[in-house]
Amino acid sequence: MNERAAAEPQIVAEDLVKRFGSFVAVDHVNFRIGRGEIMGFLGPNGAGKSTIIRILCGLLRPNGGRALVAGIDVASDPEQVREHIGYMSQKFSLYRDLTVEENLKFFGGIYRVPRRELAERVRFAIDMAGLRGREKALVATLAGGWQQRLALGCAVLHRPPILFLDEPTSGVEPTSRRRFWDLIHALAADGVTVLVSTHYMDEAEYCHRVALINQGRIIATGSPEELRHTALGGELLLLECASLGPTLAMLPQAPGVLDCSVFGNALHVLVRDAARSLSELTTYLEQNGLRAIRIERIEPSLEDVFVQLIAADMAKRRAAA
Amino acid sequence: MNEPRRPIVEANGLTKRFDTVAAVDGLSFTVDRGEIFGLVGPDGAGKTTTMRMLAGVMAPDDGSIIIDGIDVVSDPEEGRQHISYMPQRFGLYEDLTVDENIRFYADLFEIPARARDQRAARLLAASGMTAFRSRLAGQLSGGMKQKLGLTCALVHTPRILLLDEPTTGVDPVSRRDFWRILYGLREDGVTILITTAYLDEAERCNRLALLHGGRVLYCDTPAALKQHMPGAIVAIASSAGREARAAIATLEGVSHALLVGDGVHAVVDDAGLRIPALRNALQRANVPFADIAVSEPSIEDVFVALLENEGDSQ
Amino acid sequence: MKLRRLKAIAVKEVLQIWRDPRSLMIALLLPFTQMFLFGYGVNLDLKHIPICTFDREGSQQSRDLFKHFQASPYFAIVENVRTYQEMVTAIDRGSCSAGIVVPPDFSERLNDAGTASVQAILDGTDDNTANIAWGYAAAVVGSYANDIQIAALDRQGRALQQIQPLSVQSRVWFNEDLVSRNFIVPGLVAVILALVGAQLTSLTIAREWERGTMELLVSTPVTSTEVMFGKLLPYLVLGWVDAAFCLAMAALWFAVPFRGTLFALFLTTTLFLALVLSIGYLISVLIRSQVGASQIALVVTLLPAMLLSGYVFPIDQMPVAVQNLTYLMYARYYVTIIKALFLKGADISELLTPILFLVIYAVAVVALAARAFRKRLT
């Protein structure tokens, strides 16, 4: 995916900065997203994801750095940018007291989709959302998943090459969510560049690449796989044991153990080398009168990765201050 | 852990209607003493409504709630003495400082001043908020607000905690701190009932109930839940995800193929049986793939599979 | 009821009031501006009523009569006309509110028959002014008539007392100068306290529901009465400050004479404050939106208090049906009390009836509010 980004960058940010008074919302952010890529901006509320997207949509003016969307500079030509993008907001921005068809026609008008094409695009959107036969239904009567797909349809009526999705799956069921992501992948395969912002860690799984954002900075970028394996700085083990408390207290002193925390009914242990620790730890615990019921290697979650990276970032900031 | 189950919260046939829609529809579950119990489900599943009924701030249309032997529906005031509730929406006073908020809630529960100050100091230190004591609650970050909410809920040492989506949108570090505090409470024997829309957070609970459409789909430990999953997940790592999916989707024994960022997750009936066939299909279609292996199902996988068995889908 | 919890609620409310500029503005600025505006703005006294004169005779007597009008502080002669037409035009134009006409045979009749009449033409579009102007004109003419009689008797060598054994002397009690301000300002204090009091408390419950803090509060063991009294206490203190300010302004700035006891004033004012604050609180309990509660509070207090409490418009001048309605108007009792305290120097024992009404009201509203407050979301 990185090759795509290098070859045909559709969205580029260079040293992007945005301040609100003394508060730095976006702190020297850099990224490149290529054609047909699905990029996820992952981070908690208030991290700066929405602010970055608003800058890219031409809704906010950056204080520093530069951003290019479809080759257009967002600071100098925000109106032009909007011709090339589609945007789907968290609350779906549909008119609940209008019908499916009316909403689509409305957005078609807003985006100035040429008359000849509008009928065909509306049909495409209805099919994509699976709403054939329900064109005259009021949006308020549709369940969450249907509204979500309809909102996506409204956002792509004018065939934008770039799509911004702001928390698109909040409040939507898992089955609908999967169906939605299928649609996104189909669009990406057709060459649409997609930028998604979300605070659901596991939503990252659906993206080609992910940027972890915290307090206005990107602290890591890469595919979910890359991040899981390289960013953690270790390997993760699951340890089920008889007495959680004492074991948790004991483990940090064990050889090769980097970190240890409770997770549900078991412990997650971060070690330098999983293969060695699997045997070493059982022995270590026995020597200290504690029993390990089960111990195995597990895949770290993106959240584990994020926490480690944030901790490292914080340490770096403190050192720099 | 085969200790005898000692229920401390029992909900039976809970029903609550808003206009004609039943937000909660015949919900039943039990929570054992000293466990962390999760009510898990997407938005609209009825989690918040259930929590409000448990806390006594909303009356059910039907059903019963027994908390520590008290019938909360007929005697909500008595119930309130035993529980501590943290609503989903930040319930503290934004125009009061951290200290003033804690003091207020301690006074509501008539905690003696010395005990209150000691406990407050300890709780604030545990969540790293000591430096923020004189800050107005409205000026705290999202994660800090949640930690403050928890601190106020804990200042009167409750035995039963009701937390409604306490970690939604919170940064991962605060989330981890939060769970560390919860695990510490569990060690002290506190029973915690927590709701979440993050299906992966469900794995942190002792037991959980999957909610959908106001009803309980399934109720057990995360491990048992995953074993209950019909079939298994096979993860195919490939850069050509769509082609891979196209190649295997119609094979025998494959009920689903889900596109993910780095490949495909296939839901099969028997992994050992089907993996060779999957491999062949991919090779025949000339689809490049880096790996193909059994993967542990996520709670979401289980959820979706169970939902399909129910025949519900949007 | 646990004192500790009540105190906690009160302390919290104080902190929130202190940090909320809007509450402070209502509490402090509003009474001040209202006292000023209405204290100076509403003035029922009429002085220097513009009149024109039509002297059809032009004699010594007619000129004497008009001199009396000139000397009176209640009239100001703006024009001397020569025809009825001019007079009508002047009144139509509005340059004068009345015209005094002396007939051409004035002095003749006076000297012959001993009686003569003077005509007053009044602008009836302002009924009030017309009535008052008529009264003043009659008084001025009466005073002239008196002077003539005395002069005539003098010429006859007889003293006045022998001819007129009876004299009617009118004396106005309690508001001797008939200064309308003395009559209006005390009532104004009542209206302001009613308005401000209800506004202050009308938001307190509604705001907590809207912000989501009430959901957490009701999940604790706190009781409805603890919440109510805990919240009302700080506003009562604010109310005392406001009342003290308004009353001081009435007595000191507007120089309305105060003849009652401070104790009686304090007691009755506290009672009234408790009532209006509870009314605002009740509104806040019933209406869970801040905007709605504030508007309802305004409607329920301002207009009824201004029109039906006896503040400016006397109750016994109203139609009987409306008079009966005013028994429901709680502000009426305090208006009665406060006017009595200021101008009559009344004792508590003389005010038992209105006090009793206030007590009944207060108890009823407080009880209603306590019951209406539900520790439930729906």
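Residues numbered from 1 in each chain as written. Chains lettered and ligands numbered in written order. Predicted model: local features only at pLDDT ≥ 70, side-chain atom pairs only at ≥ 80, totals over all residues.

K.L.:
Report on the overall build of chain B, specifying residues and quantitative values.
P.N.:
Looking only at helices and strands, chain B features 10 helices and 14 strands. Dimensions of chain B, computed from the C-alpha atoms along their principal axes, are close to 75 × 45 × 45 Å. Per-residue burial for chain B yields a buried fraction of 51% across its 314 residues. (Helix = DSSP H or I, 4+ residues; strand = E, 2+ residues; numbered from the N terminus. Buried ≥ 20, exposed ≤ 12 C-beta atoms within 10 Å, placed from the backbone.)

K.L.:
Which residues make up the interface of chain A and chain B, and what values do they have?
P.N.:
At the junction of the two partners, chain A supplies 40 residues and chain B supplies 33 residues. Sorting the residues of the side of chain A that touches chain B by element identifies α6 (144-155), α7 (174-189), α8 (224-231), β12 (257-263) and α11 (302-320) of chain A as the ones contributing at least two each. With 8 residues, α7 of chain A is the largest single contributor of residues to the side of chain A that touches chain B. In terms of residue class, the side of chain A that touches chain B is built from 17 nonpolar, 16 polar and 7 charged. (Contact = placed C-beta atoms within 7 Å. Nonpolar A, V, L, I, M, F, W, Y, C, P; charged D, E, K, R; others polar.)

K.L.:
Help me get a handle on the sheet that holds strand β9 (residues 207-212) of chain B, residues and values and all.
P.N.:
Residues and elements named next belong to chain B. Pairing within the open sheet is mixed, and its 6 strands lie in the order β6-β7-β8-β3-β9-β10. Both outer strands of the open sheet, β6 (83-86) and β10 (215-220), are each paired with one neighbouring strand and no more. For this sheet, the mean inter-axis angle between neighbouring strands, taken without regard to orientation, is 15°. Where strand β3 (residues 36-40) meets β9, 4 bridges bridge the pair, whose relative direction is parallel. Residue L39 lies in a different strand from β9, and its bridge partner there is A209. Packing against the sheet, helix α1 (residues 47-54) makes contact with β3, β7 (160-164), β8 (191-196) and β9, and its axis sits at approximately 150° to β7. The sheet strands contacting helix α5 (residues 142-154) are β6 and β7, and the helix crosses β6 at an angle near 165°. (Pairing = 2+ DSSP bridges. Axes fitted to C-alpha atoms, helices over the stretch in contact; angles between N-to-C directions.)

K.L.:
Describe the sheet that holds strand β11 (residues 235-241) of chain A, listing the residues and the values that go with them.
P.N.:
Residues and elements named next belong to chain A. Pairing within the open sheet is antiparallel, and its 4 strands lie in the order β12-β13-β11-β14. Taken across any chain shown, the strands that pair with only one partner, and hence form the sheet edges, are β12 and β14 (292-298). Strand-to-strand twist of the sheet, defined as the mean angle between neighbouring strand axes without regard to direction, takes the value 25°. Note: β11 against β14, 6 bridges, orientation antiparallel. Bridge assignment links C241 to a residue of β14, and that residue is A292.

K.L.:
Hey, could you go over the nonpolar core for me, with residue numbers and the actual values?
P.N.:
Judged by nonpolar contacts, the single largest core of 247 residues is most densely connected at V194 of chain A, L162 and A266 of chain B together with V189, A190, L193 and L275 of chain C. A per-element tally of this core places helix α8 (residues 180-202) of chain C first, with 14 residues. The contact partners of L162 of chain B, leaving out residues within four places of it in the chain, are M51, L54, A55, I83, S84, Y85, M86 and L193 of chain B. (Core = buried A, V, L, I, M, F, W, Y, C linked by C-beta atoms within 7 Å.)

K.L.:
Could you give me a rundown of unusual backbone geometry, with the residues and numbers involved?
P.N.:
Negative phi characterises most residues that are not glycine, and trans characterises most peptide bonds. Residue and element names in this part refer to chain B. Of note, the phi angle at T157 is positive, near 40°, even though the residue is not glycine. Tracing the backbone shows T157 in the loop between α5 and β7. When the 13 C-beta atoms within 10 Å are taken as the criterion, T157 is described as partly exposed.

K.L.:
With reference to specific residues and values, describe helix α4 (residues 100-110) of chain A.
P.N.:
Residue and element names in this part refer to chain A. Within the sequence span of α4, burial applies to V100, N103, L104, F107 and G108. Take α4 and look down its axis: the buried residues cluster within an arc of 135°, on one side only. α4 presents G109 and I110 as exposed residues on the side facing more than 90 degrees away from its buried surface. Looking at the buried side of α4, the elements it contacts are α5 (115-129) and α6. R112 lies just past α4 and shows a positive phi near 55°. (Arc of directions from axis to C-beta.)

K.L.:
Could you give an account of helix α4 (residues 84-93) of chain C, naming the residues involved and the relevant values?
P.N.:
Residues and elements named next belong to chain C. Those residues of α4 lying buried are M87, A90 and I91. In an axial view of α4, the angular spread of the buried residues amounts to 95°, which keeps them on one side of the axis. Along α4, the residues that are exposed and aim more than 90 degrees away from the buried face are Q85, D92 and R93. Looking at the packing, one finds that the buried side of α4 touches β1 (49-55), β2 (75-80), β3 (98-102) and β4 (119-122). G94 sits one or two residues past α4 and shows a positive phi near 95°.

K.L.:
Which residues make up the interface of chain B and chain C, and what values go with them?
P.N.:
The interface is formed by 24 residues belonging to chain B together with 22 residues belonging to chain C. Put simply, the parts of the chain that give the side of chain B that touches chain C at least two residues each are α2 (76-80) and α3 (98-108) of chain B. In terms of residue count, α3 of chain B provides more of the side of chain B that touches chain C than any other element does, 4 residues in total. Of the residues that constitute the side of chain B that touches chain C, the class distribution is 13 nonpolar, 3 polar and 8 charged.

K.L.:
Break down the packing of α6 of chain A against α7 of chain A for me, citing the residues and quoting the values.
P.N.:
A packed helix pair is summarised by two numbers, namely the angle formed by the two axes and the spacing between the axes. Residues and elements named next belong to chain A. α7 packs onto α6 with a crossing angle of 15° between their chain directions and a minimal axis gap of 9 Å. As the angle between them shows, α6 and α7 are arranged roughly parallel. Note that α6 runs across α7; the crossing there is right-handed. Taking contact as the criterion, the partners of G144, G145, Q148, R149 and L152 in α6 are, on α7, S176, R179, F180 and L183. A class-by-class count of the residues in the contact of α6 with α7 yields 3 nonpolar, 4 polar and 2 charged. (Parallel < 35°, antiparallel > 145°, perpendicular 65-115°, else oblique. Left-handed = near helix turned anticlockwise from the far one by under 90°.)

K.L.:
Please give an account of the environment of I85 of chain A that cites residues and values.
P.N.:
Residues and elements named next belong to chain A. With respect to the helices, strands and loops of the structure, I85 is situated in strand β6 (residues 85-88). C-alpha of I85 to C-alpha of R159: the two residues are 74 residues apart in sequence and 8.5 Å apart in space. Discounting residues that sit within four places of it in the chain, I85 has contacts with C57, V69, P160, I162 and F164.

K.L.:
Please provide a residue-by-residue account of the pairing of strand β7 (residues 162-166) of chain A, values included.
P.N.:
All names here are of chain A. For β7, the buried fraction is high: 5 of the 5 residues fall into the buried class. In β7, alternate side chains face the same way, and those of I162, F164 and D166 on one face and L163 and L165 on the other are all buried. Judged from the 4 bridges that link them, β6 and β7 form a sheet pairing that is parallel. For G86, the partnering residue across the bridge sits in β7 and is L163. Taken together, β7, α7 and strand β8 (residues 193-198) constitute a β-α-β crossover, and its handedness is right-handed. (Right-handed = clockwise from strand over helix to strand, strands pointing away.)

K.L.:
Got a sec to walk through the arrangement of the chains? Specific residues and values, please.
P.N.:
If you rank the 2 pairs of chains in contact by how many contacts each has, first place goes to chains A and B. Regarding chain A and chain C, the two do not touch, and the least distance separating their C-alpha atoms is 20 Å.

K.L.:
Residues and numbers for the confidence of the model for chain B, please.
P.N.:
Parts of the prediction with low pLDDT should not have their coordinates interpreted in detail. Residues and elements named next belong to chain B. For chain B, per-residue confidence averages 89 on the pLDDT scale, and residues scoring 70 or more make up 97% of the total. Here helix α10 (residues 299-310) stands out as the least confident element of chain B, with mean pLDDT 81; β7 is the most confident, with 96. Our summary of model confidence lists the complex with pTM equal to 0.81 and ipTM equal to 0.83. (pLDDT = per-residue confidence, 0-100.)

K.L.:
Describe the environment of T196 of chain B, with residues and values.
P.N.:
Residue and element names in this part refer to chain B. Its location among the elements puts T196 in strand β8. Among the residues examined, T196 registers 22 C-beta atoms within 10 Å and is labelled buried. Each residue touching T196, except ones within four places of it in the same chain, is listed here: G38, V40, E165, T167, E201 and A202.

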